[in-house]
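Residue-level listing of the chains:
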Amino acid sequence: MSESRSIKIAANRIARKLKTEYILGPGPDIKSSQCTIAVETERSLSEAVRKLSGYRGPVYVAVTKKKSLFATIEKFAHTTIGVMDNQGRIVKKSTRKMDR
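Here we take up the overall build of the protein. When helices and strands are tallied, the protein shows three helices and five strands. Going residue by residue from the N terminus, the α and β elements of the protein occur as α-β-β-α-β-α-β-β. Expected size for 100 residues packed as a compact globule is a radius of gyration near 13 Å; at 12 Å, the protein falls within 12% of this value. Evaluated residue by residue, the protein yields a buried proportion of 42% over its 100 residues.

Given below as structure tokens:
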């Protein structure tokens, strides 16, 4: 219960920053013209890969707690998926290119 609440809070904060909305559902939590984001807890990081697969352009995983950042960066170190903190600051840049 608290996990979904922390995801909702972080997703709404990041969505406001990007001037878009939080999307509740099975896919990515935030889609904007700049990037696609899945907001996850440390326990649900593997879910992020499924949510972001098939999306072109920069994709990010945003974690709900700062203490989870190191583990998240290590998990996605050799992938094209970027990492954000719960404030929407990019910690590891996505290497996927925008589709032109």
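Having seen the model, we can carry on.
Spatial strand order, β1-β2-β3-β4-β5: five strands in an open sheet with mixed pairing. Each edge of the sheet is formed by a strand with only one pairing partner; in this case those strands are β1 (30-31) and β5 (90-92). Its contacts with the sheet place helix α2 (residues 45-52) against β2 (36-40) and β3 (59-63), and it is angled at close to 155° to β2.

On to the pattern of salt bridges, then. Tallied over the full model, the rule gives five salt bridges. Two residues, D29 and K51, come together in a salt bridge whose shortest N-O distance is 3.4 Å. Residue D29 is found in the loop between α1 (2-17) and β1, and its partner K51 is found in helix α2; the two are separated by 22 residues along the sequence. The same class applies to D29 as to K51, namely buried. Through salt bridges with shared partners, one network takes in D29, E40 and K51.

Moving on, we get to unusual backbone geometry. Backbone geometry places K19, a non-glycine residue, at a positive phi of 60°. Positionally, K19 belongs in the loop between α1 and β1.

This brings us to the pairing of β3. Burial runs high along β3: five of the five residues are buried. Of the two faces of β3, the one holding V59, V61 and V63 and the one holding Y60 and A62 are both buried throughout. Across five bridges, the pairing between β2 and β3 is parallel. Bridge assignment links I37 to a residue of β3, and that residue is Y60. Taking the sense of rotation as the criterion, the β-α-β connection linking β2, α2 and β3 turns out right-handed. Here three bridges tie β3 to strand β4 (residues 82-84), and the two strands are oriented parallel to one another. When the sheet's bridge partners are listed, A62 is paired in β4 with M84.

Rules of the game
Residues numbered from 1 in each chain as written. Predicted model: local features only at pLDDT ≥ 70, side-chain atom pairs only at ≥ 80, totals over all residues. Heavy atoms only, no water. Helix = DSSP H or I, 4+ residues; strand = E, 2+ residues; numbered from the N terminus. Rg over C-alpha atoms; globule rule 2.2 N^0.38 Å. Buried < 20%, exposed > 50% of the residue type's maximum accessible area, 1.4 Å probe, protein only. Pairing = 2+ DSSP bridges. Contact = heavy atoms within 4.5 Å. Axes fitted to C-alpha atoms, helices over the stretch in contact; angles between N-to-C directions. Salt bridge = Lys/Arg side-chain N within 4 Å of Asp/Glu carboxyl O. Right-handed = clockwise from strand over helix to strand, strands pointing away.

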